[in-house]
Amino acid sequence: MDRRSIIKHAGIAGVLAAGAAPAVHAQAAIRWRLTSSFPKALDTIHGAADVFAKKVNEMSGGKFSITVHAPGELVPAFGVVDAVQAGTVEAGHTAPYYYFGKDDTFALGTAIPFGLNSRQLTAWYYDGNGLKLFREFYNQYNIVNFPGGNTGAQMGGWFRKEVKTLADIKGLKMRVGGFAGKVMTRMGAVPQNIPGGEIYQALEKGTIDATEWIGPYDDEKLGFQKVAKNYYYPGWWEGGAQLDFYINKAAFNALSTENKAIVECAASHAHTTMQAMYDARNPAALKRLVAGGAKLLPFPKVVMDAAYKESMALYAELSASNPNWKKIYTDYSAFRKEQNLWFRFTEAQFDRYMQSAKL
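About the criteria used
- Residues numbered from 1 in each chain as written.
- Predicted model: local features only at pLDDT ≥ 70, side-chain atom pairs only at ≥ 80, totals over all residues.
- Heavy atoms only, no water.
- Helix = DSSP H or I, 4+ residues; strand = E, 2+ residues; numbered from the N terminus.
- Salt bridge = Lys/Arg side-chain N within 4 Å of Asp/Glu carboxyl O.
- Core = buried A, V, L, I, M, F, W, Y, C linked by side-chain atoms within 4.5 Å.
- Buried < 20%, exposed > 50% of the residue type's maximum accessible area, 1.4 Å probe, protein only.
- Contact = heavy atoms within 4.5 Å.
- Pairing = 2+ DSSP bridges.
- Arc of directions from axis to C-beta.
- Axes fitted to C-alpha atoms, helices over the stretch in contact; angles between N-to-C directions.
- 1 Å grid on protein atoms, 1.4 Å probe; cavity = no way out; pocket = protein on both sides within 12 Å on 5 of 7 lines; lining within 4 Å.
- Points joined across faces, edges and corners; volume = space filled by probe spheres on them.
- Nonpolar A, V, L, I, M, F, W, Y, C, P; charged D, E, K, R; others polar.

1. Topic: unusual backbone geometry
Excluding glycine, residues mostly have negative phi values, and the peptide bonds linking residues are mostly trans. Following Tyr233, the chain continues to Pro234 via a peptide bond in cis, the omega torsion being -5°. Structurally, the position occupied by Pro234 is in the loop between strand 9 (230-233) and strand 10 (242-248). Positive phi, normally seen in glycine, also occurs at Phe114, with a value near 60°. With respect to the helices and strands, Phe114 occurs in the loop between strand 3 (91-94) and helix 4 (118-126). In the Ramachandran plot, Asn142 falls in the positive-phi region, its phi being about 60° despite a non-glycine side chain. With respect to the helices and strands, Asn142 occurs in the loop between helix 5 (130-138) and strand 4 (143-150).

This is how it looks when you write it as structure tokens:
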């Protein structure tokens, strides 16, 4: 009986008996650790990392698992870039603008004052040059980045005293996210960069006079309304704040093509889910805050105008002094100009009508 006859008539038992067992290469399980900059209590912003990890696990059939760690469990809230760059962890979830101290260019990855809104930023990343430009920038930090959620336009924050004129900004000690502090400083404020889990205590103790975080759903959870009643809008420094998943370059390159695709798709899923959660949950939270005594107030136009002027002046200075900033901001600002032209005739007009209609 020849070899082909054994295979045909004896099946796998015959194959094994003939010493011709097929080669089986079991793929080793992949175990990653992801460190987050956000407290677990915030199921929206911290939750995006959980959504990402769960989807990676599901799509890989359990062969690729990622454990998510809150600030302090592995590294501090603002230690994500260093940890991912060094390979201390394989992945991180953070707001790029937290690291503007390394290079102001990081801020463009999250939000800059009077920048792109959420949809525009997503468009720039996925169909413009945003992702390409940032991949080049992050290469020097051994990082591969993926968009990891967006909060949408944020609120302007909680203030102990009302802001009526520019004089009310002078000397104001305010917790304000990262890069926006540069503009606030130029307006006379004293910005503070404090992790989310530590803001309430600082506001309660009077260490700061005001704070911004994100919006009603998260702000209610953090309890800011208990110690400051004046709730301002809009958050002109964050018209659409994007988070990123940072992946260690060596860890990502070691993945198979299939697993790289899984990471990319899981990140996109988390990106969409986070925005949806904020949009769905903020309205009810805002109603509860107002019912509880929060006083909704718009920033005076004089404050908005001064902030815009200082922002544009800052961007011009950075473009003249920082090649990394200039390269990305030049593309970013050109995209912003075109987007605002388009949105002026579509989104803005439609939204303005619907928000004044009696529903």
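2. Regarding the pattern of salt bridges
Here the structure, examined in full by the defined rule, presents 14 salt bridges. Residue Glu136 is joined to Lys327 by a salt bridge in which the shortest nitrogen-to-oxygen separation is 2.9 Å. Here Lys327 lies in helix 12 (residues 323-345) and Glu136 lies in helix 5, a separation of 191 residues in the sequence. Among the charged side chains, a salt-bridge network with shared partners connects Lys132, Glu136 and Lys327.

3. Examining the nonpolar core
By size, the foremost hydrophobic cluster in this structure holds 78 residues, and its most contacted members are Ile112, Trp124, Trp213 and Trp236. Considering each element in turn, this core owes the most residues, seven residues, to helix 11 (residues 301-321). Ile112 has contacts with Ala107, Phe179, Trp236, Trp237, Tyr315, Trp325, Tyr329, Tyr332 and Arg336, leaving out every residue within four places of it along the chain. Judged by nonpolar contacts, the second largest core, of 24 residues, contains Ala91, Val144, Phe252 and Val263.

4. So, the sheet that holds strand 5 (residues 157-159)
What the six strands build is an open sheet, ordered 7-6-8-5-9-11; its pairing is mixed. Edge positions in the open sheet fall to strand 7 (190-192) and strand 11 (295-298), since each of these has one partner strand only. In this sheet, strand 7 lies alongside strand 6 (residues 173-175) in parallel orientation, the contact comprising three bridges. Bridge pairing links Met174 to Pro191 in strand 7.

5. Observations regarding helix 5
Along helix 5, the positions that sit buried rather than exposed are Gly130, Leu131, Leu133, Phe134, Phe137 and Tyr138. In an axial view of helix 5, the angular spread of the buried residues amounts to 160°, which keeps them on one side of the axis. Looking at the buried side of helix 5, the elements it contacts are helix 4, strand 4, strand 10 and helix 12.

6. A look at the sheet that holds strand 2 (residues 64-69)
On the basis of which strands lie adjacent, the open sheet formed by five strands has the order 2-1-3-10-4 and mixed pairing. In this open sheet, the two edge strands, each paired with only one partner strand, are strand 2 and strand 4. Here the strands of the sheet are splayed against their neighbours by 25° on average, with no regard to which way each runs. Against the sheet, helix 4 touches strand 4 and strand 10, its axis set at about 155° to strand 4.

7. Comments concerning empty space enclosed by the protein
Under the defined criterion, the tally for this structure stands at two cavities of 30 Å³ or more. Together, 14 residues line the largest cavity, and Ile45, Tyr97, Tyr98, Gln154 and Ile214 are the ones closest to its centre. Tallied by class, the residues present in the lining of the largest cavity amount to nine nonpolar, three polar and two charged. Space inside the second largest cavity adds up to approximately 30 Å³. As for the second largest cavity, its lining consists of Phe159, Ile169, Met184, Trp236, Trp237, Phe299 and Val303. Each residue belonging to the lining of the second largest cavity can be placed in one class, and the counts come to seven nonpolar, no polar and no charged.

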